[in-house]
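Now for the letters of each chain:
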Amino acid sequence: MVNLRLPDGSVKKFPKPVTGMEVAEEIGPGLAKAALAIRVNGEVADLKSQINADSEFSVVTASDGDALELIRHDAAHVLAQSVQELFPDTQVTIGPAIENGFYYDFAREAPFSSDDFSNIEKRMEEIVDRDLPIEREIWDRNKAIEYFKSKGESYKAELIQDLPQNEEIIIYKQGDWIDLCRGPHLPSTGKLPLAFKLTKIAGAYWRGDSTKEMLQRMYGTAWANKKQLANYLTMLEEAEKRDHRRLGREMDLFHLQEHAVGSVFWHPKGWTLYRIIMDYIRVKLELAGYQEVNTPQLVDSSLWKDSGHWDKFREQMFISEVEDKVLAIKPMNCPCHVQIFRQGIKSYKELPIRMAEFGSCHRNEPSGALHGLMRVRAFTQDDAHIFCTEDQIVSETEKFCSLLMEIYKAFGFENIQIKFSDRPENRAGENKVWDQAEKALIEAVEVAGYSYELNPGEGAFYGPKLEFVLRDAIGRDWQCGTLQVDFVLPERLDANYVGADGVKHRPVMLHRAILGSFERFIGILIENYAGRLPIWLSPVQVAVVSITDANINYGEKVLEEFNSRGIRTISDFRNEKINYKIREHSTQKIPVIVVVGDKEEKESSVSIRRLGDSRQETVALTDAIDKLEEQARVPVAW
RNA sequence: GCCGCCGUAGCUCAGGGGUAGAGCGCGCCCUUGGUAAGGGCGAGGCCGAAGGUUCAAUUCCUUCCGGCGGCACCA
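This is a predicted model, so every value here is computed, not measured.

Participant: If you had to explain the overall build of chain A to someone new, which residues and values would you point to?
Facilitator: Looking only at helices and strands, chain A has 20 helices and 36 strands in total. For chain A, the C-alpha atoms occupy an extent of roughly 85 × 75 × 55 Å along the three principal directions. For chain A, the proportion of contacts with a sequence separation of at least 24, taken over those separated by at least 6, is 68%. A distance of 2 Å separates the average location of the 80 positive side-chain charges in chain A from that of its 100 negative side-chain charges.

Right, here's the structure in full:
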């Protein structure tokens, strides 16, 4: 007897083991037709799989959240079959479902091109039409290896060989096409909704290892229906419109050019934005008890050797040889901050010392990693190092976290996740020291009351770290802030303070940043707001626009009054129609357009129009200034 | 760094063995117009760089540089 509890709480009884399909048919023919798979005790399984014991049971249909993964995984298989039918010289490797779609990695001498997509998609649709049953089989390991070897599928054979000895070799068949796969799958290719599309072709290393050969990865997207597919494609277009590289040019914020690859040319408006953010952070840090410093760009290699960078980080450092010295452009600020700490004798009474620098750093990032403002070779961090005692780690962590949360909130980010990254392979310092540092940091974040997830092996070479990941308006995650506990560098660079006992002690160093780099953070801001920055961040806050030449004198007066109150205001008194000017300043994403015409001039008022809102409001000039001054102000807590 | 694609006017792009085109933008003129593009005229290009093939290269080939998409990397 098998008892199955259905989602509505009722129980179906079967005298002997049944397949998912049989249960679905028992419940109703409509459901049986819509069934794609089943869920037994929370695990998705093939419709044809047998249920031998009492279970929680439900049927997975296209509207089920788990259906998409099945659909995407099947789409990958159908893609692979299509490619092998059209291009028999292709070997298959792996092809999983991923967020929004799927990919399949192929090995083939000749490159595929996106021109091949329409043919491949057509063949995929044909295979769906053929409605091939998808059958699951368990094969003998050696037979499977022999089979794939005989077909010239060396990658598949390698995969099977590397599977743990006790693992079953599961094979899925659709028609005469066979793949090693864990499943589960749809019951037949005909169940795959015709709502997929190939999106891109790119290289990918075999087994994700850059020392191994490069395969050709074909990406696609797949959905439960055409409408979902269309929505997704629209969403991609929207995301492209908020690309900070495009908006940076359109809004005249910055540019990049090949004479300084990976470095930014900031234009006046972009630099204004940069400065607003920096000024804001500067005030916040001062209020939080930090002292700002500034340290050299070019530093002798001997310091980097002492700090450990020469060993662990040299590849990414720009080196300059002058006379008989080898200098490096600093990739980090920490060793320099230790030098400031080391000047004079420090007492425990001075700790914690919070040393901040808007530190300009250069790192020779791999060319393929560069990406607009998000990944550059020259950047400025909102960097600081807190020199403290071990006892102070917890309270400093708490203070830092609350400062960070407050600042993120001011920029409009409220969804923050914390990751804890522990010791990496390539590291400095004894294991004992790492034990100590990891324990201290975990304890600190727990006392501070934040939840976090583990990110094993991703710490900095000198210490474990917390990473603060913020989620933007369209759901993408960005790692910005960081807090790292470091027992290594103070040791290596011989930093010490005199304790209450009159003896020298090592301080602990907390490396921390909130924005990360200004460049990257500005990129994130632009994309998060799709260029429509909050008024306090807008490089130009107000445009004063005249209706006709007759209003220019009044317009000049309005402009002057706005600017004299610290509101960043430009004027547009050109001989153009008001529609034209509204459009232009709207596309420039200026948050407030102030229109002055005869009416406004006569009554000393202005008409205010806000970005994204076609309504207008006419208010007295003095009121307008008071109100906008208030709204345009930097949100510093006093 | 690796694989693939791409590089033509400020921007978006078309073209293609006989040294170039559109729209937008820009300049000038007309227009003085009340909330997302008024009209006319005009200027603007070493067709990424260097080599090669060819009577002839922006076009074909090679190399380099840069960009884009992934992969790897992000200490």
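Moving on from the coordinates now.
Participant: Pulling in residues and values, what's your account of the nonpolar core?
Facilitator: Counting residues in each nonpolar core, the largest one holds 65 residues, and the members touching the most others are Ile277, Phe411 and Phe468. Setting aside anything within four residues of it in sequence, one finds Ile277 in contact with Phe411, Leu515, Phe518, Ile522, Leu525 and Leu537. In terms of nonpolar packing, the next biggest core, distinct from the first, is built from 41 residues, Val78, Phe112, Ile127 and Ala224 among them.

Participant: Account for the packing of helix α3 (residues 67-86) against helix α4 (residues 117-130), naming residues and giving values.
Facilitator: A pair of packed helices can be characterised by two numbers: the angle between their axes and the separation between those axes. Two elements in contact, α3 and α4, have axes separated by 9 Å at closest approach and are oriented at 115°. Overall, the two elements α3 and α4 adopt an arrangement that is roughly perpendicular. With respect to the hand of their crossing, α3 and α4 are arranged in right-handed fashion. Of α4, the residues touching α3 (which contributes Ala75, Val78, Leu79, Gln81, Ser82, Val83, Glu85 and Leu86) are Asn119, Ile120, Arg123, Met124, Ile127 and Arg130. Split into classes, the residues belonging to the contact of α3 with α4 amount to eight nonpolar, three polar and three charged.

Participant: I'd like to hear about the protein's contact with RNA strand B, residue by residue, with values.
Facilitator: Near RNA strand B lie 52 residues; those nearest to it are Arg363, Ser367, Ala460, Asn575 and Arg583. Atoms of RNA strand B within 4 Å of the protein belong to the sugar or the phosphate in 50% of instances, the rest to bases. Measuring from a base oxygen of RNA strand B, one finds a backbone N or O atom of Lys599 at 3.0 Å. With respect to RNA strand B, the side chain of Ser607 contributes an N or O atom lying 3.4 Å from a base nitrogen. Those elements that provide at least two residues to the surface near RNA strand B are β14 (196-205), β15 (214-222), α8 (244-250), α18 (578-587), α19 (598-603) and β35 (605-610). Counting residues per element, the surface near RNA strand B draws most heavily on α18, which supplies seven residues.

Participant: Could you give me a rundown of the layout of surface pockets, with the residues and numbers involved?
Facilitator: Roughly 1,100 Å³ of volume is contained in the largest pocket. Lining the largest pocket are 36 residues, and of these Arg363, Gln381, Lys465, Gln479 and Gln484 lie nearest its centre. Mapped onto the lining of the largest pocket, the elements with two or more residues apiece are β24 (378-388), β27 (465-471), β28 (477-486) and β31 (508-517). The biggest single contributor to the lining of the largest pocket is β31, with five residues. Class assignment for the residues of the lining of the largest pocket results in 13 nonpolar, 13 polar and ten charged. Taken as a whole, the second largest pocket encloses approximately 910 Å³ of empty space. Of all the secondary-structure elements, those providing two or more residues to the lining of the second largest pocket are β14, β15, α7 (226-241) and α8. By residue number, the principal contributor to the lining of the second largest pocket is α7, which donates six residues.

Participant: Which residues make up the side chain of Lys465, and what are the values?
Facilitator: Here Lys465 is to be found in strand β27. At a separation of 3.2 Å, a polar atom in the side chain of Lys465 contacts the side chain of Glu467. For Lys465, the residues in contact, after removing those within four places along its chain, are Lys419, Phe420, Ser421, Leu441, Glu458, Gly459, Ala460, Thr482, Leu483 and Gln484.

Participant: Could you give an account of empty space enclosed by the protein, with specific residues and numbers?
Facilitator: Following the criterion strictly, the structure yields two cavities of 30 Å³ or more and no others. Taken as a whole, the largest cavity spans an internal volume of roughly 90 Å³. Lining the largest cavity are Met251, Lys269, Gly531, Leu533, Ser538, Pro539, Val540, Gln588, Lys589, Ile590 and Pro591. Class assignment of the residues belonging to the lining of the largest cavity gives a composition of six nonpolar, three polar and two charged. The calculated volume of the second largest cavity comes to roughly 30 Å³. Ser586, Ile590, Ile593, Arg609, Arg610 and Leu611 together form the lining of the second largest cavity. Along the lines of polarity and charge, the residues of the lining of the second largest cavity split into three nonpolar, one polar and two charged.

Participant: Mind laying out the sheet that holds strand β33 (residues 569-572), listing which residues take part and the relevant values?
Facilitator: The five strands are arranged β33-β32-β34-β35-β36 in an open sheet whose pairing can be described as mixed. This sheet does not close on itself; its edge strands, each paired only once, are β33 and β36 (617-620). Taking each pair of neighbouring strands and ignoring which way they run, the sheet shows an average axis angle of 30°. Both β35 and β36 contribute to a ladder of four bridges, which runs antiparallel. Bridging from a neighbouring strand, Ser605 pairs with Ala620 of β36. Where α18 meets the sheet, its contacts fall on β32 (542-546), β33, β34 (592-596) and β35, and the angle it forms with β32 comes to roughly 170°.

Participant: Break down the environment of Gly289 for me, with residues and values.
Facilitator: Along the polypeptide, Gly289 turns up in the loop between α9 (268-287) and β18 (291-292). Measuring from C-alpha to C-alpha, the distance between Gly289 and Glu357 comes to 13 Å, with 68 residues separating the pair along the chain.

Participant: Help me get a handle on the packing of aromatic side chains, residues and values and all.
Facilitator: Under the counting rule described, the total for this entry stands at 22 aromatic pairs. Summarising the aromatic geometry, the rings of Trp139 and Tyr147 are spaced 5.2 Å apart at their centres and angled 90° between planes, so their arrangement reads as edge-to-face. Looking at Tyr147, the relative accessible area reads 21%, which means it is partly exposed. Seen from the ring of Trp223, Arg72 lies directly overhead, with NZ or CZ sitting 4.4 Å from the centre.

Participant: So what's going on with the confidence of the model for chain A? Which residues, and what values?
Facilitator: Regions with low pLDDT should not have their predicted coordinates read in detail. The predicted model of chain A has a mean per-residue pLDDT of 93, with 100% of residues at 70 or higher. Across the predicted assembly, pTM comes out at 0.92 and ipTM at 0.94.

Participant: I'd love a proper account of the state of the cysteines, names of residues and values included.
Facilitator: A full pass over the atoms with the stated rule returns zero disulfides. The closest cysteine sulfur to the non-disulfide-bonded Cys334 is located on Cys361, 8.3 Å from its own sulfur. Taking the relative accessible area as the measure of exposure, Cys334 reaches 2% and is therefore buried. Looking at Cys361, the relative accessible area reads 0%, which means it is buried.

Participant: Just give me the short version of the pattern of salt bridges, but keep the residues and values in it.
Facilitator: Under the counting rule described, the total for this entry stands at 41 salt bridges. For Arg282, the salt bridge is made with Asp279, and the minimal N-O distance between the two is 3.8 Å. Of this pair, Arg282 and Asp279 both sit in helix α9, separated by three residues, roughly a single helical turn. Owing to a relative accessible area of 30%, Arg282 belongs among the partly exposed residues under this scheme. The residue Lys330 makes a salt bridge to Glu357 at a minimum N-O spacing of 2.9 Å. Of this pair, Lys330 sits in the loop between β21 (325-329) and α12 (334-342) while Glu357 sits in strand β23 (residues 353-362), and the two are 27 residues apart along the sequence. Residue classification places Glu357 among the buried residues on the basis of a relative accessible area of 2%. Here the residues in one salt-bridge network are Glu85, Arg123, Glu126 and Arg130, joined through shared partners.

Reading the values: rules and limits
Residues numbered from 1 in each chain as written. Chains lettered and ligands numbered in written order. Predicted model: local features only at pLDDT ≥ 70, side-chain atom pairs only at ≥ 80, totals over all residues. Heavy atoms only, no water. Helix = DSSP H or I, 4+ residues; strand = E, 2+ residues; numbered from the N terminus. Contact = heavy atoms within 4.5 Å. Lys, Arg positive; Asp, Glu negative; His and termini not counted. Charge placed at Lys NZ, Arg CZ, Asp CG, Glu CD. Core = buried A, V, L, I, M, F, W, Y, C linked by side-chain atoms within 4.5 Å. Buried < 20%, exposed > 50% of the residue type's maximum accessible area, 1.4 Å probe, protein only. Axes fitted to C-alpha atoms, helices over the stretch in contact; angles between N-to-C directions. Parallel < 35°, antiparallel > 145°, perpendicular 65-115°, else oblique. Left-handed = near helix turned anticlockwise from the far one by under 90°. Nonpolar A, V, L, I, M, F, W, Y, C, P; charged D, E, K, R; others polar. Near = heavy atom within 4 Å. Polar contact = N/O pair within 3.5 Å; in protein donor to acceptor, adjacent residues only side chain to side chain. 1 Å grid on protein atoms, 1.4 Å probe; cavity = no way out; pocket = protein on both sides within 12 Å on 5 of 7 lines; lining within 4 Å. Points joined across faces, edges and corners; volume = space filled by probe spheres on them. Pairing = 2+ DSSP bridges. Phe/Tyr/Trp six-rings, centres within 6.5 Å; stacked < 30°, edge-to-face > 60°. Lys NZ or Arg CZ within 6 Å of the ring centre and 35° of its normal. pLDDT = per-residue confidence, 0-100. Disulfide = S-S within 2.5 Å. Salt bridge = Lys/Arg side-chain N within 4 Å of Asp/Glu carboxyl O.

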